[in-house]
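Descriptive structure summary
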Amino acid sequence: MKWVGGKGRLMTQLAPMLPPGVEKMRHVEPFVGGGAMFFARTPKRARLSDVNPDLVATYQAIKEEVEVVIDELRVHKASHSKERYYEVRTLYNETRATAPRAVRAGMFIYLNKTCFNGLHRVNKSGGFNVPAGRYKNPKICDAARLRASSRALRKAKIVCGGFEDLLRDAKPGDFVYFDPPYEPVSRTASFTSYAKDGFSQDDQTMLRDVYAALDKRGCRLMLSNSDVPFIRDLYHRFNIDIVRAARAINSKGNGRGKVNEVVVRNY
Ligand SMILES: C[S@@+](CC[C@H](N)C(=O)[O-])C[C@H]1O[C@@H](n2cnc3c(N)ncnc32)[C@H](O)[C@@H]1O
């Protein structure tokens with residue numbers, strides 16, 4: 001899936017920063033989003049979570065009933081048009097509480113692949129409201145990739161919930177990768193509203209407290225965020241390195257360039 005803040009293009013920089021012996025550790029990702037890190041690693045054991053219930057249900061469907069999801073996507077692919085996009089968007093908003101999980105997953109992936117910039121944005125009442133994207137030939141149904149994802153996900157426990165659940169669920173020796181909604185670089189930038197509620201500075205501080213608690217517990221921790229004084233300050237006790245990322249640097253998305261991101265590790 002396309003996901004705002006997706007780590008796909010950063011993996012070559014992040015992979016060498018993983019802890020030694022990571023292959024033997026359980027992989028824990030509390031802000032899984034598009035899951036670039038998880039799918040690049042395909043670990044033997046994992047716990048994946050996110051607060052977005054539709055995203056989590058989609059992963060569960062890919063894990064447990066991938067062939068049904070593929071069939072759904074084949075139908076979407078055959079009928080795709082701009083008009084159809086808006087019909088599916090309406091149908092998705094009307095039926096996502098009641099439709100069978102694989103049907104919802106098919107709609108979710110279809111909308112993700114054909115909407116504007118792969119955004120996932122919802123209005124105040126939770127309705128998905130992103131306009132259609134302008135793609136000549138969107139890859140709506142990549143069966144081989146879905147099956148490979150299904151195989152990877154079968155090794156994972158996938159749950160819907162906030163990062164604070166790790167206080168209960170993380171174990172000594174786990175490798176935890178945190179990729180939270182980023183602290184904005186400037187006050188006009190707003191990449192922080194992924195779900196219904198944004199991610200405030202109080203949330204960033206609570207996340208740091210969870211990070212510090214898991215550090216004491218003996219987990220190996222790696223966290224990405226934007227390189228701003230507030231974040232450096234929160235994590236000043238830990239090891240902070242820089243990676244260079246290409247991303248939108250203002251709210252209109254037209255200020256594209258390379259910006260520094262921090263990687264905070266406790267090893
Ligand atoms: C930067 S994105 C993760 C991107 C991901 N690493 C990737 O490669 O696509 C942040 C994710 O955090 C989720 N999120 C937001 N608030 C959260 C919270 N309080 N607890 C857990 N997940 C949260 C969002 O739904 C979103 O998927």
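For the structure given in this document, a descriptive report is provided here. Note that the structure is predicted; figures quoted are calculated from it, not measured.

Helix and strand counts for the chain stand at ten helices and seven strands. Over its C-alpha trace the chain gives a radius of gyration of 18 Å, about what one expects of a compact globule, namely 18 Å for 267 residues. Principal-axis analysis of the C-alpha atoms places the extent of the chain at approximately 55 × 40 × 30 Å. Counted over contacts in the chain with a minimum sequence separation of 6, partners at least 24 positions apart contribute 70%.

The next subject is unusual backbone geometry. The phi dihedral of Thr42 is positive, around 40 degrees, even though this residue is not glycine. Assignment of secondary structure puts Thr42 in the loop between α2 (36–41) and β2 (46–50). The exposure class assigned to Thr42 is partly exposed, which follows from the 15 C-beta atoms found within 10 Å. One non-glycine residue, Asn117, lies in positive phi territory at about 55 degrees. Along the chain, Asn117 turns up in the loop between α6 (101–114) and α7 (143–153). Using a count of 13 C-beta atoms within 10 Å as the deciding quantity, one classes Asn117 as partly exposed.

Time to look at the environment of Met206. The topology assignment puts Met206 in helix α9 (residues 201–217). Put simply, Met206 and Phe163 are 43 residues apart on the chain and 9.4 Å apart in space, counted from C-alpha to C-alpha.

In this section: helix α3 (residues 53–64). Taking 1.5 Å of rise per residue, the twelve residues of α3 would be expected to cover 16 Å, and the 16 Å separating its terminal C-alpha atoms lies within 8% of that figure. When we look at burial in α3, the residues that qualify are Asp54, Leu55, Thr58, Tyr59, Ala61, Ile62 and Lys63. Looking at the buried residues of α3, the elements they touch are β2, α4 (66–79), α6, α7 and β3 (156–160).

Quick notes on the rules
- Residues numbered from 1 in each chain as written.
- Predicted model: local features only at pLDDT ≥ 70, side-chain atom pairs only at ≥ 80, totals over all residues.
- Helix = DSSP H or I, 4+ residues; strand = E, 2+ residues; numbered from the N terminus.
- Rg over C-alpha atoms; globule rule 2.2 N^0.38 Å.
- Contact = placed C-beta atoms within 7 Å.
- Buried ≥ 20, exposed ≤ 12 C-beta atoms within 10 Å, placed from the backbone.
- Expected span 1.5 Å × (residues − 1).

Function cannot be read off these values alone, since they describe shape.
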